[in-house]
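Now for the letters of each chain:
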Amino acid sequence: MLPTPGDDDPDRPAGLRIAPLDLAAHVDEALRVQAVAFGLSREEVAIRRYIVRRHMTCRGARALGAFTEDGALAGFVYGMPNDRTHWWSTVVEPYLRPGGHEGWLDGSFVITELHVHPGFQGHGVGRALITRVTDTAAEPRSILSAIDTDSPARGLYHALGYTDLARQVHFPSASLPYAVMGAPLPLPRP
């Protein structure tokens, strides 16, 4: 179990507690946050419920939540050691290959999802979640995908040392292109 930071911890967003999250048991609460943050339809939430539960059975999968004082979930992150046989890896590998970045699929901790409720965005919640979950990774680097736009999320990832490994990545189920990004671990602190 990860320690809960004290009030003097620079990684702790004001008024929130970062702690392990039993994502399989709290998938509906997490997906409510994701639906608001990411604009998901009911159909997309139903599909993601199955995916999240399946992911949490993977070796090394773990999740953290950002909780308000009354215990409400303000944001969450989950990830796992990357596995080239997983769907995500099989989709992104052809996009990584031309730049010589396909090796990033080995020895990486993949950030599968990171979402913060809009009412808590811009206050260091996402930074605290991603740095905390990668701090316990045995892998020497991290990899993720994000919508390929100049967004606050991509700005955060760049500030944490993630660089673009491939852009204009098209997932079969997504209407917008993504960027695949990678960073050495540990992620830098402010």
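Our subject is the structure that appears above.
Here is a short report on the structure shown in this document. Because the structure is a prediction, the values reported are computed rather than measured.

Next up on the list: the overall build of the protein. Helix and strand content of the protein: five helices and seven strands. Element order for the protein, N to C, with α for helix and β for strand: β-α-α-β-β-α-β-α-β-α-β-β. Against the compact-globule benchmark of 16 Å for 190 residues, the protein has a radius of gyration of 16 Å, which places it among compact chains. Summarising its shape, the C-alpha atoms of the protein cover approximately 45 × 35 × 35 Å along the three principal directions. The buried share of the protein, taken over its 190 residues, is 45%. When contacts within the protein are restricted to residue pairs at least 6 apart in sequence, those whose partners lie at least 24 apart make up 66%. Of the roughly 9,500 Å² that the protein leaves accessible, carbon and sulfur atoms contribute 55%. Taking the 18 positively charged and 21 negatively charged side chains of the protein as two groups, their mean positions are separated by 3 Å.

If you look at the biggest cluster of nonpolar residues, it comprises 33 residues, and the most contacted ones within it are Leu23, Ile143 and Val180. At the level of elements, helix H1 (27-38), helix H2 (42-55), strand E2 (62-67), strand E3 (73-81), helix H3 (87-96), strand E6 (163-169) and strand E7 (178-184) are the ones that each hand at least two residues to this core. Contact partners of Leu23, with chain neighbours within four places excluded, come to Ala30, Val52, Met56, Ala63, Phe76 and Tyr78.

In this section: the pattern of salt bridges. Close approach of charged atoms allows side chains of opposite charge to pair. With the rule as written, the count across this model stands at nine salt bridges. Arg49 is the partner of Asp28 in a salt bridge, and the nearest nitrogen-oxygen pair spans 2.6 Å. In this pair, Asp28 is assigned in helix H1 and Arg49 in helix H2, connecting sequence segments 21 residues apart. Classification of Asp28 by relative accessible area gives partly exposed; the value is 33%.

Let us look at the pairing of E2. Within E2, five of the six residues are buried, which leaves it mostly tucked inside the rest of the structure. Where strand E1 (residues 17-20) meets E2, four bridges bridge the pair, whose relative direction is antiparallel. Each residue of the ladder has a partner; that of Ile18, found in E2, is Ala66. Inspection of the sheet shows E2 paired to E3 by six bridges, in the antiparallel sense. The residue of E3 that forms the bridge with Ala63 is Tyr78. In this antiparallel pair of consecutive strands, E2 and E3, the connection spans five residues, and Gly71 shows a positive phi of 90°.

Let us now look at unusual backbone geometry. Negative phi characterises most residues that are not glycine, and trans characterises most peptide bonds. With an omega of 5°, the peptide bond between Leu185 and Pro186 qualifies as cis. Looking at the element boundaries, Pro186 is found in the segment after E7. For Gln168, which is not a glycine, the phi torsion comes out positive at approximately 55°. Its location among the elements puts Gln168 in strand E6. Residue Gln168 is classed as partly exposed on the basis of its relative accessible area of 41%.

Relative to the elements of secondary structure, Thr134 occurs in helix H4 (residues 125-135). A relative accessible area of 3% places Thr134 in the buried class. Thr134 has contacts with Phe109, Ile111, Ser142, Tyr162, Leu185 and Leu187, leaving out every residue within four places of it along the chain.

Procedures and definitions
- Residues numbered from 1 in each chain as written.
- Predicted model: local features only at pLDDT ≥ 70, side-chain atom pairs only at ≥ 80, totals over all residues.
- Heavy atoms only, no water.
- Helix = DSSP H or I, 4+ residues; strand = E, 2+ residues; numbered from the N terminus.
- Rg over C-alpha atoms; globule rule 2.2 N^0.38 Å.
- Buried < 20%, exposed > 50% of the residue type's maximum accessible area, 1.4 Å probe, protein only.
- Contact = heavy atoms within 4.5 Å.
- Areas by Shrake-Rupley, 256 points an atom, 1.4 Å probe, with all protein chains shown as cover.
- Lys, Arg positive; Asp, Glu negative; His and termini not counted.
- Charge placed at Lys NZ, Arg CZ, Asp CG, Glu CD.
- Core = buried A, V, L, I, M, F, W, Y, C linked by side-chain atoms within 4.5 Å.
- Salt bridge = Lys/Arg side-chain N within 4 Å of Asp/Glu carboxyl O.
- Pairing = 2+ DSSP bridges.

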